[in-house]
Amino acid sequence: MQALTKRAQAVDRKPMTLMERLYLPAIVKGMAITFGHIFKKKPTVRYPEEKRPFSPVFRGLHVLNRDEEGRERCTACGLCAVACPAEAITMEAAERLPGEENLYREEKYAARYEINMLRCIFCGLCEEACPKDAIYLSETFAPANYARKGFIYGKDDLLIPDPKTEPEAYAKAKGERN
Ligand code: SF4
Ligand code: SF4
């Protein structure tokens with residue numbers, strides 16, 4: 001039958017040579033490649049038993065910082081939210097009341113502070129924008145979650161432990177870099 005177009009290509013089926021028909025050389029060649037890989041260093045990491053060291057510039061989960069007296073540093077100025085390219089940060093400011101000086105360092109503080117981790121791209125611009133050293137990206141991962149709601153981190157999730165009452169947890173959350 002005549003082809004309708006000229007795109008059809010006639011395939012030249014060459015008869016197999018004796019070596020090709022034996023298949024053994026090809027099998028031996030394949031096995032040599034397989035055995036060659038057995039003695040090579042494995043590129044895979046057996047996580048979680050084995051952990052790779054983080055890069056010195058790794059940016060992980062956010063932490064809302066406290067000062068050395070345990071007071072919240074954030075003054076709800078909103079600069080981090082403005083700097084955030086993903087619009088992941090929202091907050092509500094409140095005024096510090098008399099008697100709350102031991103809780104909040106500044107006269108204004110964040111009554112509500114939220115980061116949507118599904119939006120966050122871990123760029124670190126919020127950390128750079130903050131004039132109060134109140135937010136930084138730590139050396140830990142944001143844990144996995146089955147629900148979208150679980151990725152909205154509030155103040156309870158973000159606030160670092162109090163250095164006065166929980167010094168060990170504070171040092172652990174602070175990490176070695178900060
Ligand atoms: S790390 Fe970047 S994307 Fe994430 S909250 Fe901060 S500024 Fe926004
Ligand atoms: S974390 Fe820093 S930049 Fe963001 S609102 Fe608080 S003080 Fe301002």
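None of these values were measured; they are calculated from a predicted model.

Let's shift gears to the UniProt feature "binding site: [4Fe-4S] cluster 2" (unreviewed entry) in the protein. The sites that UniProt annotates as "binding site: [4Fe-4S] cluster 2" (unreviewed entry) are C84, C120, C123 and C126. Taking the farthest pair of C-alpha atoms as the criterion, the annotated set spanning 43 residues converges on one region, since that pair is 10.4 Å apart. Beyond its immediate sequence surroundings of up to four residues, C84 is in contact with I89, L125 and C126. In this structure, C120 sits in the loop between β3 (108-116) and α4 (125-129). Overall, C120 belongs to the buried group, with 21 C-beta atoms counted inside 10 Å. With sequence-adjacent residues up to four places away left out, C120 is seen in contact with A86, A88 and I115.

What surrounds ligand 2 is a group of 14 residues, the closest being C74, C77, L79, C80 and C130. Of the residues assigned to the shell around ligand 2, the class counts are 11 nonpolar, two polar and one charged.

All right, on to the site of ligand 1 then. In the vicinity of ligand 1 lie 14 residues, with C84, C120, C123, L125 and C126 positioned nearest. Across the shell around ligand 1, the residue classes break down as 13 nonpolar, one polar and no charged.

Read from one edge of the open sheet, three strands run β2-β3-β5, paired in antiparallel fashion. Single-partner strands in this sheet number two, and they are β2 (89-95) and β5 (152-153). The pairing of β3 with β5 spans two bridges and is antiparallel. What sits directly across from I115, in β5, is Y153.

In this section: the pairing of β3. Judged from the seven bridges that link them, β2 and β3 form a sheet pairing that is antiparallel. Counted as the bridge partner of M91 is Y113 from β3.

Right, let's talk about the environment of V45 for a bit. Tracing the backbone through its elements, the reader meets V45 in the loop between α2 (24-38) and β1 (62-64). Those residues in contact with V45 that lie beyond four places of it in its chain are E50 and R52.

Relative to the elements of secondary structure, G70 occurs in the loop between β1 and α3 (79-83). For the pair G70 and G124, spaced 54 residues apart in the sequence, the C-alpha separation amounts to 24 Å. What G70 contacts, discounting residues up to four positions off in sequence, is D162, P163 and K164.

How each quantity is defined
- Residues numbered from 1 in each chain as written.
- Chains lettered and ligands numbered in written order.
- Predicted model: local features only at pLDDT ≥ 70, side-chain atom pairs only at ≥ 80, totals over all residues.
- UniProt positions renumbered as here; feature names shortened; annotations may be inferred.
- Contact = placed C-beta atoms within 7 Å.
- Helix = DSSP H or I, 4+ residues; strand = E, 2+ residues; numbered from the N terminus.
- Buried ≥ 20, exposed ≤ 12 C-beta atoms within 10 Å, placed from the backbone.
- Near = placed C-beta within 6 Å.
- Nonpolar A, V, L, I, M, F, W, Y, C, P; charged D, E, K, R; others polar.
- Pairing = 2+ DSSP bridges.

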